[in-house]
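# Coordinate inspection notes
This is what each chain is made of:
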Amino acid sequence: MKVAEAVGRALYAAGVGQVFGVVGSGNFHLTNAMVAAGSRFVAARHEGGAATMADAYARMSGTVAALSVHQGPGLTNAMTGIAEAAKSRTPLLVLAAEVTEPRSNFYVDQEALARSVGAVSARVTSAEDAVTEALDAVRRAVCERRTVLLNLPLGVQALDVPDALAGESALAVVPPERAPVEPEFADVEALARVLEKSRRPVFVAGRGARSPGARDALVALAERHGALLATSAVARGLFHGDPWSLDVSGGFASPLAAELIQQADLIVGWGCALNMWTMRHGRLIGPDTTVVQVDDDASALGAHREVHLGVTGDVELTARRALETHDANPQPQQGEQARQGQQGQEARQGFRTADIGASIAARVRWRDVPYEDTSTRERIDPRTLSVALDDILPAERVIGVDSGNFMGYPSMYLSVPDENGLCFTQAFQSIGLGLATAIGAALARPDRLPVAALGDGGAMMGAAEFDTVRRLGLPMVVVVYNDDAYGAEVHHFGPDGHPLETVEFPSTDIAAVARGYGFEAVTVRTRVDLKAVEDWLAGPRSAPLLVDAKVVADRGAWWLEEAFRGH
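Below is a short write-up of the structure.

What counts, and where the lines are drawn
Residues numbered from 1 in each chain as written. Predicted model: local features only at pLDDT ≥ 70, side-chain atom pairs only at ≥ 80, totals over all residues. Heavy atoms only, no water. Disulfide = S-S within 2.5 Å. Buried < 20%, exposed > 50% of the residue type's maximum accessible area, 1.4 Å probe, protein only. Helix = DSSP H or I, 4+ residues; strand = E, 2+ residues; numbered from the N terminus. Contact = heavy atoms within 4.5 Å. 1 Å grid on protein atoms, 1.4 Å probe; cavity = no way out; pocket = protein on both sides within 12 Å on 5 of 7 lines; lining within 4 Å. Points joined across faces, edges and corners; volume = space filled by probe spheres on them. Nonpolar A, V, L, I, M, F, W, Y, C, P; charged D, E, K, R; others polar. Expected span 1.5 Å × (residues − 1). Polar contact = N/O pair within 3.5 Å; in protein donor to acceptor, adjacent residues only side chain to side chain. Axes fitted to C-alpha atoms, helices over the stretch in contact; angles between N-to-C directions. Parallel < 35°, antiparallel > 145°, perpendicular 65-115°, else oblique. Left-handed = near helix turned anticlockwise from the far one by under 90°. Core = buried A, V, L, I, M, F, W, Y, C linked by side-chain atoms within 4.5 Å. Phe/Tyr/Trp six-rings, centres within 6.5 Å; stacked < 30°, edge-to-face > 60°. Pairing = 2+ DSSP bridges. Salt bridge = Lys/Arg side-chain N within 4 Å of Asp/Glu carboxyl O.

By definition, a disulfide is the covalent link that joins the sulfur atoms of two cysteine residues. Summed over all chains, the structure comprises zero disulfides. Free of any disulfide, C423 has its nearest neighbouring cysteine sulfur in C272, separated by 17 Å. For C423, a relative accessible area of 1% puts it in the buried group.

Here's what the structure looks like:
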């Protein structure tokens, strides 16, 4: 048995059941070995698309996925998607063939490429150690939540595995899941004291809180202390349906959400970086607000802003320990509060007043914020488009969003059923990833209608993957917010009088492009044109649907000013 086959069999046995990629000579045998063992392989039309599909699949499935690429250009083509995954700490295994001879036209320093974008590099070095080294790469991806590049030199792939070791490849031990980090007792006590003193607490949950167990623990702790609930964009939907949810904190936040977060005397980030996006460059934090951060990675604490208390621990465990500490050490109560219930068990009012509850119910969603509809006969207001789509599309949906001026509209106006309803690949802020994101998410969540929300720039960048959507038979709705420009740059530089010819384009019939790939397609200029979407939903959905929405381009999105503060 050759190394390529032994490694492929071992990876499948270790739980790597989903592979994306573009196959060339260098990764041909390895990929086929994984397929023969039982892995599902999805062939993308470009390695960059394959990388983002794998990233999205891993995020939405909660499992490690693999990307298989050719040596040299196969890897360089995938680097933007790999950078996004690495910056997001996605457990992803990149399987890259490698040439080691510097005179080869395929030679690049693949290890240096990985390091440059924050990925971890590993290598298969011998026939004797190949399986062990491959499994170590999987283990590191899973247990450290890292994107790992496993380089597979061509010469090593072709070696024979010793007979005594060949059988071990099919008996690979599945790497353990990342063990929950138990918080220190003293830290939990300190957190409990801070919560007890607070009168206006807000919990902001991030990527590290994206699980049903963490959600339930945070909801219970928030109820005990009268806290309002919010999320970062990547965890949107975690508190869907909770009457005290503010939805997303940060640049995407609605006016009411931002107002209430700014009034907090305590903000606790749960598995959340509290970075410039989530805290609007710190402007959501009041001058006297106490800031606490809980994360199972100690290096994340205070990485983006100063915190008054940092707790190293798993989100769910830490929240439950804080509840237990409160119950074991009830605070002395006086007056009416002492008469409300059993000592140590009563819920504090905190932020949860009748007036605030009514305001949240009426105004926390962006779609409920009044606006002047700027639609014309030729172009539709992106808010009007998004509200209408929210009403038309089934509630059970999974959305992939590209980057650009438009991105806040689908991200915030389209509701999601839970934390697995929005796949937000925006750590690197690259345009062109949205369609591949939706493909990976759709494969991870086949029970939901996949929706890809793209700008015209990102749609044209990723258009090759329209073929992948059709080939896989995905019943996907692709919505293109088409303003015939790179809208972010238009609205950032245009008001200062800069020439915009480099970022504006002639009108493109993206609906016709999609039809060429086998899509059904509709051009939308007014609300009436969306009847075609309703008809598609009522039909067999035998082909994917693209909506080429000609949107008004008279102003930048509300979040755009926040975004450019980071440049």
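Here we take up the environment of T318. Examined against the element boundaries, T318 turns out to sit in helix α13 (residues 315-328). When its relative accessible area of 0% is taken as the criterion, T318 is described as buried. Each C-alpha atom, one on T318 and one on D296, is 9.5 Å from the other, the two residues being 22 residues apart in sequence. Other than its neighbours up to four places away in sequence, T318 contacts P183, L191, W270, V294, V311 and G313.

Attention now moves to the layout of surface pockets. The volume enclosed by the second largest pocket comes to roughly 460 Å³. Along its surface, the second largest pocket is lined by 33 residues, and S403, G404, N405, G487 and A488 are the ones closest to its centre. By residue class, the composition of the lining of the second largest pocket is 16 nonpolar, 10 polar and seven charged.

Glancing now at α13. Counted at 1.5 Å a residue, the expected span for α13 with its 14 residues is 20 Å, and the 20 Å between its end C-alpha atoms agrees. Looking at the buried side of α13, the elements it contacts are α10 (185-197), α11 (212-225), β10 (266-270), β11 (290-295) and β12 (309-312). Two or three places before E316, at the start of α13, stands the capping residue D314, its side-chain oxygen 3.1 Å from that residue's backbone nitrogen.

To continue, consider the side chain of E84. For E84, the position within the fold is in helix α5 (residues 79-87). A relative accessible area of 0% places E84 in the buried class. At a separation of 2.9 Å, a polar atom in the side chain of E84 contacts the side chain of R59. The contacts of E84, once residues within four sequence positions are left out, are D55, R59, T425, Q426, A427, F428, Q429 and L433.

A few words on the packing of α10 against α13. At a closest axis distance of 9 Å, the pairing of α10 and α13 adopts a crossing angle of 70 degrees. Considering their axes alone, α10 and α13 lie roughly perpendicular with respect to each other. The interaxial crossing formed by α10 with α13 has right-handed handedness. In this structure, α10 uses V188, E189, L191, A192 and E196 to contact α13, whose residues at the interface are T318, R321, A322, T325 and H326. Residue composition of the contact of α10 with α13, by class: four nonpolar, three polar and three charged.

Moving on to the nonpolar core. Formed by 54 residues in total, the largest nonpolar core has its most connected members in L67, I82, L435, M476, V478 and L546. Not counting the four nearest positions on each side in its chain, L67 is found in contact with F20, G21, E47, A50, A51, A54, A78, I82, L92, L93, V94 and L95. Judged by nonpolar contacts, the second largest core, of 43 residues, contains A233, V416, V477 and W536.

Tallied over the entire structure, the rule returns nine aromatic pairs. With 5.4 Å between their ring centres and 25 degrees between their planes, F406 and Y481 make a pair best called stacked. Highlighted residues: F406 in the loop between β13 (397-401) and α17 (408-413) and Y481 in strand β16 (residues 477-482), separated in sequence by 75 residues. Accessibility assignment for this pair places F406 and Y481 in one class, buried.

Before going further, it helps to examine the sheet that holds β10. Sheet architecture is open: six strands sit in the order β9-β8-β7-β10-β11-β12, paired in parallel fashion. Each edge of the open sheet carries a strand with a single partner, namely β9 (245-248) and β12. Pairs of neighbouring strands in the sheet enclose a mean axial angle of 15 degrees, with direction left out of account. Seen against the sheet, helix α12 (residues 255-262) touches β7 (201-205), β8 (228-231), β9 and β10 and runs at an angle of roughly 110 degrees to β9.

Within the structure shown, the criterion is met by 35 salt bridges. Its salt-bridge partner being E101, residue R103 comes within 3.1 Å of it at the nearest N-O pair. With a shortest N-O distance of 3.7 Å, E111 and R123 are connected by a salt bridge. Residue E111 is located in helix α6 (residues 110-116), and its partner R123 is located in strand β5 (residues 120-123); the two are separated by 12 residues in the primary sequence. Residue E111 is classed as partly exposed on the basis of its relative accessible area, which comes to 31%. Three or more residues are tied together by salt bridges with common partners; here these are R45, D467, R470 and R471.

With a phi close to 50 degrees, R145 is a non-glycine residue in the positive phi region. Its location among the elements puts R145 in the loop between α7 (130-143) and β6 (147-153). The phi dihedral of R541 is positive, around 55 degrees, even though this residue is not glycine. By the secondary structure assignment, R541 is in the loop between α23 (531-538) and β18 (545-550).

Next up on the list: the sheet that holds strand β2 (residues 40-43). Reading across the sheet, the six strands line up as β2-β1-β3-β4-β6-β5 and stay open at both edges, with parallel pairing between neighbours. Of all strands in the sheet, those with a lone pairing partner are β2 and β5, marking the two edges. Going from strand to strand, the sheet's axes swing by 25 degrees on average, the running direction of each strand aside. In this structure, strand β1 (residues 18-21) lies alongside β2, joined through four bridges in parallel fashion.

Burial of α5 is extensive: seven of the nine residues sit out of reach of the surface. Buried residues belonging to α5 abut α3 (47-61), β3 (65-69), α4 (73-77), β4 (92-98), α6 and β6. Taken from the residues just after α5, R89 is the one with a positive phi, measuring 55 degrees.

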